[in-house]
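Chain residues, written in single-letter form:
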Amino acid sequence: MIWTLFKKECRMLWKSLIFWLYILAVALFFFSQMGTITFEPKPQPEQEGSYGMKLSDKPEDQIQGALGNLAESYFHNSFTTAPIGFNKHVNLNDSEKQKVETILEEMTGLPIEDLQKDFDAWEEEQKVEMPDGSSVIKAGNYTLKPKGGLTYETFLKEMKEVCKILGPGSDFTAEAIKNSAVVEMTYEDALEEYHNLLEKDGLTGGYARLFCDYMGIILAILPVFVAVTREIRDKRAQMKELIYTRKASSFTILFSRYAALCFSMFVPVLLLTCHPLMECVSFGKGIDVDLHMSAFVVYSLGWLLPTILVVTALGMFFTELTGTAAGVLVQAAWWFLSLFSGEETMHGGQYGMNLIPRHNTEMNYAGFHDQFSQLLLNRIFYVVLALALVTGAAMIFEARRKGKWGNGKISRIRKRVRPASSATAGAR
Amino acid sequence: MLFAAAPLLAGVRNLSVGETARLLDFYVVLPGMLLLIPVFLPEQDKAIRDLIRARYTSMGSIYLVRIFLNVAVMAALTGVFLLGLERGGCDFPFGNYFMASLAGMVFLGGFGAAAFALSDNPVIGYMASLGYYLFSFGAGAKYLGNWYLFSLVSGSYKEKVYLAVTGVALLAAAIVIRVQKTR
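Residues numbered from 1 in each chain as written. Chains lettered and ligands numbered in written order. Predicted model: local features only at pLDDT ≥ 70, side-chain atom pairs only at ≥ 80, totals over all residues. Heavy atoms only, no water.

Engineer: Sorry, what's going on with the overall build of chain B here?
Structural biologist: Helices and strands together make up the secondary structure of chain B, namely eight helices and zero strands. In chain B, the succession of α and β elements from N to C terminus is α-α-α-α-α-α-α-α. A burial count over chain B gives 51% of its 183 residues as buried. Sequence-distant contacts, at least 24 apart, represent 70% of the contacts inside chain B between residues at least 6 apart. With the model as given, the accessible surface of chain B reaches about 8000 Å², and the carbon-plus-sulfur share is 69%. (Helix = DSSP H or I, 4+ residues; strand = E, 2+ residues; numbered from the N terminus. Buried < 20%, exposed > 50% of the residue type's maximum accessible area, 1.4 Å probe, protein only. Contact = heavy atoms within 4.5 Å. Areas by Shrake-Rupley, 256 points an atom, 1.4 Å probe, with all protein chains shown as cover.)

Structure, rendered in structure tokens:
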């Protein structure tokens, strides 16, 4: 039963306009974002220009960067946070300012007046005189040395206090602090990344991560349209009554529909991976590398499929619940928030519980490896959530079938607004 | 509701010109889409459509009135929001930014409404608008040129004019297509 339904659903889906629009959008997005890969050559010892930047994982760098940032914000009396990726200025009242002052003094072992003098002096240094007499302030990172003997743990504890004062999205969360220690990569660093890409990633791994980074963005929103359209279709064709009388259980109906949707939407993604895979193969012929041929498929399954699963499930759930396209709006909001709040973590290795884990580089195998368990947790969570949502949708479907919850309306108290509809249905 | 959520999620006080532009370009443009796309939704049900068509007033003028009303609401809400920003100490050229925001909204709304009219499916309308938003986000100015959505951040108004004119044209086209299709 479930298999026949699955096949029927697939066939219906492959004939629908919105499914092909979905495929078009996915393909368009891929080719405009990732398209043809430019393979970086091996870094040379005396290269001109910089090798790129990296995040220093030395605690000293992080502490200095964060303390400097805190001091600068304190002296300018302007704290910026970005909870959803848009800048928000936070104003502190006097007692909060006092707290920050105390933290600064404790961390550096210096009274605030000394810190003020040091900061003013640094700002003077940053000023550049222009030919017309005006002065411009050079951008730079102010750093403050912590007092001797300050442990990383104490530092993090104090920074947590700062986070409580500033609210979410500040520069002083544990994640953001890591981001503030930006240093230049040395030749050795660059070489290590390059070797990681070839040896540990088998070349394909890195590009598979990049692929998942880009595709994750679009797969976190597009499937909801297909799912909602499919669910609403029954209502428009006024098929609900007919389906309700059939033998199949609600769970069978909805799960076969869900499986058909997710399967049909995932296959095009898999097919798209052939493109970068072939590019990797042809590039790999020229150099000595042991290609991991299955990388693209494995990464897509683990990274992208959960996104498709949960977005489709959400679409189905909200359409069953409200009988309208509200699922689109809910998902659009979630997508928007995930996208913009992920801007700080673009380089990968900081996945958190974001719906769209970012990793916008073929490098940074180290970051991926370190945070793999977090990523795994993230993806498993969304799979579980997806299954819960589909189950919920099936339960709502079943309730409506039994006559509870009115026909297509959440509240039975509302008067039937469209007597014309049932009259037409009756006349068919 | 979306407008009201802004102070909670993003910042609305003491924003610089660039930050305000970013907020308007990326966030504020979305409610416009919400108001304009469902313009044909009530008449989707065939029975209601027949009922309305039997009346003296033409379908086209009904849609036109509805669009005008929605745009008026959009303009009012945007105006109030911008006033709120200004009160909160944000620094930006009011008149220009107001027109710029409306341009973006009208375009996205028109684009979606046209897609709705062509496909007879509101979800495709939303998808088209969000798709355009996404495409602007990713591919950006390179592919879209004068029809790039997020030009305010780089201080350019030229694109906004293109967007506004195209938006109005799209809305008009949407009405015409809809009326023709459902004749």
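Engineer: Just to check I follow, could you spell out the UniProt feature "transmembrane region" (unreviewed entry) in chain A for this structure?
Structural biologist: Residues and elements named next belong to chain A. Within the UniProt annotation, "transmembrane region" (unreviewed entry) is assigned to residues 12–31, 207–228, 248–271, 291–311, 318–337 and 380–399. Along residues 12–31, the helical share is 90% and the strand share 0%, with 28 Å between the first and last C-alpha atoms. In residues 380–399, helix accounts for 100% and strand for 0%; the two terminal C-alpha atoms are 29 Å from one another. (UniProt positions renumbered as here; feature names shortened; annotations may be inferred.)

Engineer: Is there a simple way to explain the nonpolar core in this structure?
Structural biologist: Nonpolar side chains tend toward joint burial in soluble globular proteins. Counting residues in hydrophobic clusters, the biggest one holds 134 residues, and the most contacted among them are A:Tyr22, A:Phe225, A:Trp335 and B:Tyr133. Counting 28 residues, the second largest nonpolar core, distinct from the first, contains A:Phe75, A:Leu92, A:Trp122 and A:Leu150. (Core = buried A, V, L, I, M, F, W, Y, C linked by side-chain atoms within 4.5 Å.)

Engineer: Looking at this structure, how should I read the confidence of the model for chain A?
Structural biologist: On average, chain A scores 78 in pLDDT, and the residues at 70 or more come to 82%. Contacts for the low-pLDDT stretch residues 422–428 of chain A, under 50 throughout, to residues beyond four places or in other chains number four contacts. (pLDDT = per-residue confidence, 0-100.)

Engineer: What should I look at first to understand the UniProt feature "transmembrane region" (unreviewed entry) in chain B in this one?
Structural biologist: Residue and element names in this part refer to chain B. According to UniProt, the feature "transmembrane region" (unreviewed entry) maps to residues 24–42, 63–85, 97–118, 130–149 and 161–179 in the numbering used here. The annotated region residues 63–85 carries 100% helix and 0% strand content, and the separation between its end C-alpha atoms amounts to 32 Å. The span residues 97–118 shows a helical share of 100% and a strand share of 0%, and its end C-alpha atoms are spaced 32 Å apart.

Engineer: Where do I start with the packing of helix H12 (residues 250–272) of chain A against helix H14 (residues 295–322) of chain A in this structure?
Structural biologist: Helix packing for two helices is described by the angle between their axes and how far apart those axes are. Residue and element names in this part refer to chain A. Taken N-terminus to C-terminus, the directions of H12 and H14 make an angle of 140 degrees; their axes are 10 Å apart at the nearest point. Here H12 lies oblique to H14, going by the angle between them. The crossing of H12 and H14 is right-handed. In this structure, H12 contributes Leu254, Arg257, Tyr258, Leu261, Cys262, Met265, Phe266, Val269 and Leu270 to the contact, and H14 contributes Val297, Ser300, Leu301, Leu304, Leu305, Ile308, Leu309, Val310, Thr312, Ala313 and Met316. For the contact of H12 with H14, a count of residues per class yields 17 nonpolar, two polar and one charged. (Axes fitted to C-alpha atoms, helices over the stretch in contact; angles between N-to-C directions. Parallel < 35°, antiparallel > 145°, perpendicular 65-115°, else oblique. Left-handed = near helix turned anticlockwise from the far one by under 90°. Nonpolar A, V, L, I, M, F, W, Y, C, P; charged D, E, K, R; others polar.)

Engineer: How should I be thinking about the packing of aromatic side chains in this particular structure?
Structural biologist: The description of an aromatic ring pair uses the distance of the two centres, along with the angle that the planes make with each other. Residues and elements named next belong to chain A. This model, assessed by the stated rule, comprises 20 aromatic pairs over all chains. Relative to Phe255, the ring of Phe251 lies with its centre 6.5 Å away and its plane at 15 degrees, an arrangement referred to as stacked. Linking Phe251 with Phe255, this pair stays in helix H12, spanning four residues, or about one helical turn. On the basis of relative accessibility, which here comes to 37%, the residue Phe251 falls in the partly exposed class. (Phe/Tyr/Trp six-rings, centres within 6.5 Å; stacked < 30°, edge-to-face > 60°.)

Engineer: Mind showing me how you'd approach the confidence of the model for chain B here?
Structural biologist: Close inspection of predicted coordinates is inappropriate for parts of the model with low pLDDT. Residue and element names in this part refer to chain B. This prediction gives chain B a mean pLDDT of 77; 83% of its residues lie at or above 70. Put simply, helix H1 (residues 2–9) is where chain B has its lowest mean pLDDT, 59, and helix H5 (residues 94–119) is where it has its highest, 84. In the model output, the complex is listed with pTM 0.75 alongside ipTM 0.74.

Engineer: Quick question: what am I supposed to make of the side chain of A:Thr319 here?
Structural biologist: Turning to its location among the elements, A:Thr319 is positioned in helix H14. Once residues lying within four places of it in the same chain are set aside, the contact partners of A:Thr319 are A:Val228, A:Glu231, A:Ile232 and A:Thr324.

Engineer: Please explain the environment of B:Ile37 as it appears in this structure.
Structural biologist: Residues and elements named next belong to chain B. Relative to the assigned elements, Ile37 resides in the loop between helix H2 (17–36) and helix H3 (46–53). Along the primary structure Ile37 and Met74 are separated by 37 residues, whereas in three dimensions their C-alpha atoms are 13 Å apart. The residues touching Ile37, leaving out its near neighbours within four places in the chain, are Gly109, Gly112, Ala113, Phe116, Pro122, Gly125, Tyr126 and Ser129.

Engineer: How should I be thinking about H14(A) in this particular structure?
Structural biologist: Each turn of an α-helix holds 3.6 residues, which means side chains three or four residues apart point in the same direction. Residues and elements named next belong to chain A. Here H14 is 28 residues long and its end C-alpha atoms lie 40 Å apart, about the 40 Å a rise of 1.5 Å per residue gives. In H14, a bend of some 40 degrees at Leu304 exceeds every other bend along the element, and Pro306, a proline, comes one to four places later. Within H14, 21 of the 28 residues are buried, which leaves it mostly tucked inside the rest of the structure. Among the residues trailing H14, Gly323 stands out with phi positive, at a value near 70 degrees. (Expected span 1.5 Å × (residues − 1). Bend = angle between axes of the 7 residues up to and from the residue.)

Engineer: Please clarify how a positive patch on the surface should be interpreted in this entry.
Structural biologist: Residues and elements named next belong to chain A. Positive charge collects at one region of the surface, where Lys7, Lys8, Arg11, Lys15, Arg233 and Arg246 lie side by side. Here the element with the most residues in the positive patch is helix H1 (residues 2–14); it accounts for three residues. Looking at the secondary structure, you find Arg246 in the loop between helix H11 (240–244) and H12. By relative accessible area, Arg246 is classed as exposed at 53%. (Patch = residues over 30% accessible without salt bridge, like charges linked within 9 Å, V, L, I, M, F, W, Y side chains within 5 Å. Salt bridge = Lys/Arg side-chain N within 4 Å of Asp/Glu carboxyl O. Lys, Arg positive; Asp, Glu negative; His and termini not counted. Charge placed at Lys NZ, Arg CZ, Asp CG, Glu CD.)

Engineer: I keep staring at a nonpolar patch on the surface and nothing clicks. Help me out?
Structural biologist: Residues and elements named next belong to chain A. A grouping of Trp14, Trp20, Phe263, Val267 and Leu271 is seen on the molecular surface, where their side chains present a nonpolar patch of about 520 Å² in accessible area. In terms of residues, the nonpolar patch owes the most to one element, H12, which gives three residues. Here Phe263 is to be found in helix H12.

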